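Listed below are the residues making up each chain.
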Amino acid sequence: MGSLSVASGIQWKQALGSHPGALFYTMQLDLFSHIDYQQLTEELFSAYFYCRKNKRNTLNALKFEKHLEQNVFKLIDEIYKGNYQLGRSIAFIVNKPVKREIFAADFRDRVVHHWLINKLNPLFENLFIQDSYACRVGKGTHYGVKRADAFIKACSENYTKDCYILKLDIQGFFMHINRNLLFTMLEKFIHQYYTQADKALVLAITQKIIFNQPTQNCIIKGNKKDWDGLPKNKSLFHSPPNCGLPIGNLTSQVFANFYMHHFDAFIKKELGLKYYGRYVDDFVIVHPDKDYLKSLIPKLSNFLLSTLQLTLHPKKIYLQHYSKGVKFLGTVIKPNRIYIANRTKGNFYSAIENQNKIICDHKPTKEDKAAFLSSMNSYLGIMKHYKSYKLRKRMIFKRLSGYWFNHAYLSGGIAKFVLKVRPMKKNQRNVNMG
């Protein structure tokens, strides 16, 4: 099973002998020698297969898969010995749905991220409130929108009484998460609730990931000018000392959720608010008393600053009567109807224009067709949940080039594109039958 046999800590100490790093490795082996190597192997392979689902065609994933067993066992050996180190990240800018800096971890590190979150997620799920929506099975944006809509309906007693919506978010959220504070919280949580034999290993990997500095020795994809126009509080390159988690890592999303759970608990337990929901740093509170909601703003601001060292965004404070509607998670929620927000419409229009340029330039390749399906169906998948049939029909039949319909057709009432399958020629059928 790879280059590392399942050996006891004593055997490894003897093998190390007078190696200059013997004392360090002996300490590591004392820490991790009780770990079940076979269990670790099964968990890492499982994490790999889960990780590759959406990343299989990326260059990093293909390189890793080319020598799959060798790479996985090398990773297992490093973790087992306690000398695993994170690799270089790829930094780039995306412009949709908003301009954002992304740090893509090396594929092998993504496998470790999935392994770690698989270990911790069941414990987090027991901790998190129902109305924390991000990066959780059975939750997500659609669930969050439906919950917010249900809050308004319940608080207004089916739109018969006044109620108000307070919507807030946090300034430069990911870039201002304090890593020291986050690790202290996680360390306490893991010590208290994690009961498996590999607790020390889980803590050690958690620490490595949190305190990793992806900005050091990263690979810049694209051009440095891509960062022009990105506010400094949205870039890891300009984060305060000991602050910031890279957007793009599974661990960052889940750890950020854990970090904000303390705010959720303050809202629900200390303030006793019934109608509250949060997706990452975007949250809504619904209440019948407008003045009470207004009085909450400084309380929430003080808690965030004193407990989590975070700041409410001063320009993103929304407080209105429910009849005015509220923008939340890419939608506009109004009484008895939910619309797609203008930004999503604009992004869908831009995506259609990009696909039109491709098909007008050349006959689409297999990769072009796959990209077309991915782009169009991602927007249609979002929009079909809301009042958007006429919008989808207008955008597709008036904006999308008719040439694409030679390669794909619509299914499920303008809900999904499906590629057309060309019938085999007669000689091809004969070969297959033979």
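Residues numbered from 1 in each chain as written. Predicted model: local features only at pLDDT ≥ 70, side-chain atom pairs only at ≥ 80, totals over all residues. Heavy atoms only, no water.

A. Inspection of the pattern of salt bridges at higher detail. The final tally for this structure, using the stated rule, is eleven salt bridges. Between E43 and K119 there is a salt bridge, with the nearest N and O atoms lying 2.9 Å from each other. Of this pair, E43 sits in helix α3 (residues 37-51) while K119 sits in helix α6 (residues 107-127), and the two are 76 residues apart along the sequence. The exposure classification of E43 matches that of K119, with both residues buried. For D282, the salt bridge identified is with K167, shortest N-O distance 3.4 Å. Highlighted residues: D282 in strand β6 (residues 282-287) and K167 in strand β3 (residues 164-169), separated in sequence by 115 residues. (Salt bridge = Lys/Arg side-chain N within 4 Å of Asp/Glu carboxyl O. Helix = DSSP H or I, 4+ residues; strand = E, 2+ residues; numbered from the N terminus. Buried < 20%, exposed > 50% of the residue type's maximum accessible area, 1.4 Å probe, protein only.)

B. Fine view of the side chain of T344. One can find T344 in helix α12 (residues 342-361). Overall, the relative accessible area of 13% leaves T344 in the buried class. In contact with T344, not counting residues within four places along its chain, are G330 and Y379. (Contact = heavy atoms within 4.5 Å.)

C. Region of interest: the pairing of strand β5 (residues 276-279). With four bridges joining them, β5 and β6 adopt antiparallel strand pairing. Each bridged residue has a counterpart across the sheet, and for G277 the counterpart in β6 is V284. Between β5 and β6, which pair antiparallel in sequence order, lie two residues; one of them, V280, sits at a positive phi of approximately 55°. (Pairing = 2+ DSSP bridges.)

D. Expanded view of the sheet that holds strand β4 (residues 219-220). The strand order across the open sheet formed by three strands is β2-β1-β4, and the pairing between neighbours is mixed. Each of the sheet's edge strands pairs with one partner strand only, and the pair in question is β2 (100-104) and β4. As judged from the five bridges shared by strand β1 (residues 90-94) and β2, these two strands associate in the antiparallel manner. Each residue of the ladder has a partner; that of A91, found in β2, is F103.

E. Spotlight on the packing of aromatic side chains. In the structure shown here, the tally under the stated rule is 28 aromatic pairs. Note on F266 and F303: the rings are 4.2 Å apart at their centroids and 10° apart in plane angle, and the pair reads as stacked. Of this pair, F266 sits in helix α10 (residues 250-270) while F303 sits in helix α11 (residues 290-308), and the two are 37 residues apart along the sequence. Each of the two residues, F266 as well as F303, counts as buried. When the ring of F397 is compared with that of F405, the centres are 6.0 Å apart and the planes differ by 10°; the resulting orientation is stacked. (Phe/Tyr/Trp six-rings, centres within 6.5 Å; stacked < 30°, edge-to-face > 60°.)

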